[in-house]
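Next come the chains, spelled out residue by residue.
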Amino acid sequence: MNRITQCLHGKGTISGMMHQKKNGGNGSRGEYLAYAAEYRPVIFWNLTTRCNLNCIHCYNRSGPANGTNNELTTEEALALIDDLAKMGVPLILFTGGEPLLREDIWTLADHARTKGIMTALSTNGTLITPGVAEQIKAGGIGYAGISLDGATAETHNRFRGSSDAFERSIAAFAHCREAGVRCGVRVTLTKENHAELPALIDLAEEIGASRFCLYWLVPSGRGIDAYTQLQLSGDEVNDTLTHLYRRAEATDPKKMEFLTVDSPQDAIHLLAAMKRDNAADLAEAEELVASLKGGCSAGTRVANIDHQGYVYPCQFAQAEELRIGSVRDRPFSQIWEQTNHPVLSVFRERSPVFTGRCGDCQHIALCGGGCRVRALRLSGDIHADDPFCFVYRDHVISPFNHR
């Protein structure tokens, strides 16, 4: 996760994050969770693969045709929350499919709250009525990330396989705002919506989004099928990062924050831009990025639990060869504490040996080799370079301590 706004605006913000890291992340506020020193992961929990939409880039092939598919029962889910609370998990993000199709979601959210775990929601927004927004608020869910894959109904609805998803998703922002629920825009940027990025940011501001979270396409689920067709070129990626940087620079951080996901190497672009512009917070931003010792959170600060209880390093790693265990066989806390699991070892390795461009790149300490899922899916080798990296070998950043 590349937090553009938090690196660009204010030494107080960055100093706060460094304080959280040096103190083990205890009592972490939501915006500091990515920087917690201990590996008490944020849990991305796919409650279901049922969904009322059929998105062309869905990372776990959710859709209307899916049934309950051996989903964890309410009793199993509550027991899982108990275990997560005991190990000090700070945040559960309920996702899907469409998590609002899970009939017991309010029971689960309330139980997490009573156990002291923060919760958030990742949703397509189409099921959020005024009443549902009030339930989100009453359930203690602190944030709703709502997907918008275009600034126009035509683009968004084409991505979502629906004739009215755009209208209902836009309405969801108003309902959440009226209920006092903080919400933000989530967009997966591809060739088919890249040109609408400036207008989409304008729209996000107009509808009151507090966060603009840009995801890059990962070859997982239906994203594998559409990857070649939809993935952006290097020039398009660099143009996008430059635009996000300028918009974040000009936007009051109290109004909306900007971040990117699924490409740790984005931080290299950010630091280079800050150096070029003689940004006041450059030194602290460099220290912050370096402190992560490789930007990918999978298998360390992030974990995924799917609808059947299988555990993976992240939500994009849902494949049998990357499976770590099942909460139906043993508690998540025991699965996560394994020190010699072959999959976890790859994601937790602090001096990894990569091939290709990553093998001798001077920036490897900053990005950790990018996304291992992309490397595996597109080359068959989890130690290969990330093909979505467009950082030039001679891209110079001011030297600082990477230890």
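Cut-offs used in this document
Residues numbered from 1 in each chain as written. Predicted model: local features only at pLDDT ≥ 70, side-chain atom pairs only at ≥ 80, totals over all residues. Heavy atoms only, no water. Helix = DSSP H or I, 4+ residues; strand = E, 2+ residues; numbered from the N terminus. pLDDT = per-residue confidence, 0-100. Contact = heavy atoms within 4.5 Å. Core = buried A, V, L, I, M, F, W, Y, C linked by side-chain atoms within 4.5 Å. Buried < 20%, exposed > 50% of the residue type's maximum accessible area, 1.4 Å probe, protein only. Salt bridge = Lys/Arg side-chain N within 4 Å of Asp/Glu carboxyl O.

Draft legend 1. Molecular detail of unusual backbone geometry. With an omega of 10°, the peptide bond between glycine 96 and glycine 97 qualifies as cis. Within the element layout of this structure, glycine 97 appears in the loop between β3 (91-95) and α4 (105-114). Here aspartate 262, not a glycine, exhibits a phi torsion of approximately 80°, which is positive. Looking at the element boundaries, aspartate 262 is found in the loop between β8 (257-261) and α12 (266-276).

Draft legend 2. Molecular detail of the confidence of the model for the chain. In the predicted model, the chain carries a mean pLDDT of 90, and 89% of its residues have values of at least 70. Scored below 50 in pLDDT, residues 394-403 shows 25 contacts in the model against residues more than four places distant or in partner chains.

Draft legend 3. Layout of the nonpolar core. Membership of the largest hydrophobic core comes to 112 residues, with the highest contact counts inside it found for Ile43, Trp45, Ile92, Phe94, Ile128, Phe212 and Phe332. The element contributing the most residues to this core is α12, with 6 residues. Setting aside anything within four residues of it in sequence, one finds phenylalanine 212 in contact with Val185, Val187, Leu197, Leu200, Ile201, Ala204, Leu244, Met256, Glu257, Phe258 and Leu259. Listed in part, the 5 residues of the second largest apolar core include Cys51, Leu53, Cys58 and Ala165.

Draft legend 4. Inspection of the pattern of salt bridges at higher detail. If you walk through the whole model with that rule in mind, you get 21 salt bridges. The residue glutamate 76 makes a salt bridge to arginine 328 at a minimum N-O spacing of 3.0 Å. Residue glutamate 76 is located in helix α3 (residues 74-86), and its partner arginine 328 is located in the loop between β11 (325-326) and α14 (332-336); the two are separated by 252 residues in the primary sequence. Overall, the relative accessible area of 29% leaves glutamate 76 in the partly exposed class. Using a relative accessible area of 30% as the deciding quantity, one classes arginine 328 as partly exposed. Notably, a salt bridge pairs glutamate 192 with arginine 158, separated by 3.4 Å at the nearest N-O pair. Separated by 34 residues along the polypeptide, glutamate 192 in the loop between β6 (182-189) and α8 (197-206) and arginine 158 in helix α6 (residues 153-160) bring together distant segments of the chain. Overall, the relative accessible area of 39% leaves arginine 158 in the partly exposed class. Here the salt bridges share partners, and the residues they tie into one network are Arg50, Glu71, Arg102, Glu103 and Asp104.

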